[in-house]
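Examination of the molecular architecture
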Amino acid sequence: MTGVVEAIYVSARHGEPKTRIPDAELRARIGLVGDRYAGHGVVSIIEAEAVEDFNRVTGLEVSPGETGRNVVTRGVRLNDLVGRTFRLGDAVLRGFELCEPCLNLGSRLATDDVSPPQIVKAFTHSAGIRAQVLESGRVAHGDGLTEHAAE
């Protein structure tokens, strides 16, 4: 299992759009430094392919940053990482749950043609995962996502 980091996003405050950054620090028990959820020890990750599929199904042109997730990957099925430990850049994480879409996301992405419930339905089981940061490290665009072998 190997994937690659395509993008990293943070927002300092609730309601602010996510900003794309070239690299970031992931800290155990903290999460993504600089993000509004830092302090929870959790990072949200979504597949670029899932966003592309969502756009194909809905006819929308949503960017990965608009999904509200922190890290965008390509080449790895994230749902398979729930309950597993993996390396993201230099950090070690453990996927612990699917990051299912909520009506808030649906409302934010809805248009006159695509309703909030349709948004939620289109992203169900493909809106990414939440992962706990077990070992601190840096992550940058182009870094790998690989299974972590226990030492």
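Everything in this summary refers to the structure shown in the same document.

What counts and what doesn't
Residues numbered from 1 in each chain as written. Predicted model: local features only at pLDDT ≥ 70, side-chain atom pairs only at ≥ 80, totals over all residues. Heavy atoms only, no water. Core = buried A, V, L, I, M, F, W, Y, C linked by side-chain atoms within 4.5 Å. Buried < 20%, exposed > 50% of the residue type's maximum accessible area, 1.4 Å probe, protein only. Helix = DSSP H or I, 4+ residues; strand = E, 2+ residues; numbered from the N terminus. Axes fitted to C-alpha atoms, helices over the stretch in contact; angles between N-to-C directions. Parallel < 35°, antiparallel > 145°, perpendicular 65-115°, else oblique. Left-handed = near helix turned anticlockwise from the far one by under 90°. Contact = heavy atoms within 4.5 Å. Nonpolar A, V, L, I, M, F, W, Y, C, P; charged D, E, K, R; others polar. Disulfide = S-S within 2.5 Å.

**Focus: the nonpolar core**
Core analysis: the largest hydrophobic core is formed by 21 residues, its most contacted members being Leu 26, Val 43, Ile 45, Phe 86, Leu 88 and Leu 93. Elements represented by at least two residues in this core include exactly strand S1 (2-10), strand S3 (23-27), strand S5 (42-47), strand S7 (85-88), strand S8 (91-98) and strand S9 (129-135). Ile 46, Val 51, Val 62 and Val 72 belong to the second largest nonpolar core, which has 15 residues in total.

**Describing the packing of helix H1 (residues 48-58) against helix H3 (residues 116-123)**
Orientation of H1 relative to H3, taken along the N-to-C sense of each, is 135 degrees, at an axis distance of 10 Å. Put simply, H1 runs oblique to H3. In the packing of H1 onto H3, the handedness of the crossing is right-handed. Between H1 and H3, the residues in contact are Ala 50, Val 51, Phe 54, Val 57 and Thr 58 and Ile 119, Ala 122 and Phe 123, respectively. Looking at the contact of H1 with H3 residue by residue, the classes come out as 7 nonpolar, 1 polar and no charged.

**Describing unusual backbone geometry**
Phi angles above zero are rare outside glycine, and Arg 29 is one such case at about 65 degrees. Considering the arrangement of structural elements, one finds Arg 29 in the loop between S3 and strand S4 (31-32). For Arg 29, a relative accessible area of 69% translates into the label exposed. Within the chain, His 125 stands out as a residue other than glycine whose phi angle is a positive 65 degrees. The partly exposed category is assigned to His 125, whose relative accessible area is 48%.

**A short note on the environment of Ala 127**
Residue placement: Ala 127 occurs in the loop between H3 and S9. For the pair Ala 127 and Val 51, spaced 76 residues apart in sequence, the C-alpha separation works out to 8.0 Å. Apart from the residues lying within four places of it in its own chain, the contact partners of Ala 127 are Ile 45, Ile 46, Arg 69, Cys 99, Glu 100 and Pro 101.

**Observations concerning the state of the cysteines**
One pass over the structure, following the stated rule, counts 0 disulfides. Its sulfur unpaired, Cys 99 is 8.4 Å from the next cysteine sulfur, which belongs to Cys 102. Cys 99 sits in the buried class, given a relative accessible area of 2%. Overall, the relative accessible area of 40% leaves Cys 102 in the partly exposed class.

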